[in-house]
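Overview (structure and organization)
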Amino acid sequence: MTKKPVVIGVAGGTGSGKTTVARELYQQFIEKSILMIEQDAYYKDQSHKTMDERIKTNYDHPLAFDNDLLIEHLEQLLIYQTIEKPIYDYSNHTRAKESVYVKPKDVIILEGILILEDKRLRDLMDIKLFVDTDADIRIIRRLVRDIEERGRTLESVIEQYTSIVRPMHLQFIEPTKRYADIIIPEGGQNRVAIDLMVTKIRTILEEKEIL
Ligand code: CTP
């Protein structure tokens with residue numbers, strides 16, 4: 001049997017705690033061989049657009065992502081080839097000039113709001129998780145994060161949330177829960193779910209004779 005990495009998808013709405021779940025899993029396998037890919041890194045390049053056009057972009061729509069490139073990179077990682085992952089700049093709403101080389105590993109965690117929306121991506125995953133956190137908690141987290149880390153104002157976060165993020169969540173993200181193998185309530189705080197996942201990943205690695 002040819003050796004092939006395990007791909008774990010971590011989906012969920014904005015502020016649901018996807019990053020925390022992904023990091024918790026990452027920590028458990030750091031001694032072995034694991035890498036993390038954020039779908040956000042694959043937002044389409046908008047450097048040719050004006051700042052005003054970039055601000056008006058709908059970042060919660062499936063078409064905002066360059067999934068073709070993401071799939072190409074995943075396929076390379078699955079045959080143990082190094083990729084050149086884009087870096088996304090939230091303050092300038094576009095791809096940064098720099099990129100980062102990512103070496104292949106045995107476990108790949110793919111994290112993002114819409115990773116379960118594209119069948120081509122789903123088909124590449126061994127395990128599909130959906131982090132399910134109440135909307136009030138998610139918007140509180142988003143407000144704090146966008147103001148502290150992404151250079152936004154309170155007004156802009158509220159406006160974007162009500163006009164775009166919330167309707168897109170209901171139309172495109174929430175329905176992808178049906179594709180999840182496991183729905184994790186409250187994300188990274190859910191110790192039992194994390195421990196179960198770690199055990200399952202180990203089993204798959206053993207089956208694939210990777211560990
Ligand atoms: N986004 C934005 N401006 C951009 C690009 C993306 O405001 N230029 C927002 C989108 O509106 C989308 C969000 O980024 O809703 C996606 O990131 P999110 O899922 O909130 O962050 P993660 O850290 O990946 O997830 P979590 O909070 O669940 O850990």
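Please read these numbers as outputs of a predicted model, since none were measured by experiment. (Residues numbered from 1 in each chain as written. Predicted model: local features only at pLDDT ≥ 70, side-chain atom pairs only at ≥ 80, totals over all residues. Heavy atoms only, no water.)

Helix H7 (residues 191–207) packs onto helix H1 (residues 18–29) with a crossing angle of 50° between their chain directions and a minimal axis gap of 10 Å. What the angle tells us is that H1 and H7 run oblique. Of the two possible hands of crossing, H1 and H7 adopt the one that is right-handed. Residues Val21, Glu24, Leu25, Gln28 and Phe29 of H1 form the contact with H7, whose own contacting residues are Arg191, Ile194, Met197, Val198, Ile201, Arg202 and Leu205. Split into classes, the residues belonging to the contact of H1 with H7 amount to eight nonpolar, one polar and three charged. (Axes fitted to C-alpha atoms, helices over the stretch in contact; angles between N-to-C directions. Helix = DSSP H or I, 4+ residues; strand = E, 2+ residues; numbered from the N terminus. Parallel < 35°, antiparallel > 145°, perpendicular 65-115°, else oblique. Left-handed = near helix turned anticlockwise from the far one by under 90°. Contact = heavy atoms within 4.5 Å. Nonpolar A, V, L, I, M, F, W, Y, C, P; charged D, E, K, R; others polar.)

Moving on, we come to the site of the ligand. Around the ligand there are 22 residues in total, and Thr14, Thr19, Asp60, Glu111 and Arg142 lie nearest to it. A distance of 3.0 Å separates an oxygen atom of the ligand from a polar backbone atom of Gly17. Taking Asp60, its side chain carries an N or O atom lying 2.4 Å from an oxygen atom of the ligand. Those elements that provide at least two residues to the shell around the ligand are H1, helix H5 (135–149) and helix H6 (154–173). Of the residues belonging to the shell around the ligand, the class tally is six nonpolar, eight polar and eight charged. (Near = heavy atom within 4 Å. Polar contact = N/O pair within 3.5 Å; in protein donor to acceptor, adjacent residues only side chain to side chain.)

In this section: the packing of H5 against H6. One way to put it is that H5 packs onto H6 with a least axis distance of 11 Å and a crossing angle of 135°. By the angle between their axes, H5 is oblique relative to H6. Like other packed secondary-structure pairs, H5 and H6 cross with a definite hand, here right-handed. Here H5 contributes Ala135, Arg138, Ile139, Arg142, Leu143, Asp146 and Ile147 to the contact with H6, which in turn contributes Leu154, Val157, Ile158, Gln160, Tyr161, Val165 and His169. Within the contact of H5 with H6, the residues separate by chemical class into nine nonpolar, two polar and three charged.

With 33 residues, the main nonpolar core has Ile37 and Leu110 as its most contacted residues. For this core, the leading source of residues is helix H3 (residues 67–78), giving six residues. Leave out the neighbours within four places in its chain, and Leu110 touches Ile8, Gly9, Val10, Ile37, Leu70, Leu74, Ile115, Leu121 and Met125. Counting 22 residues, the second largest nonpolar core, distinct from the first, contains Ala22, Val107, Ala193 and Ile194. (Core = buried A, V, L, I, M, F, W, Y, C linked by side-chain atoms within 4.5 Å. Buried < 20%, exposed > 50% of the residue type's maximum accessible area, 1.4 Å probe, protein only.)

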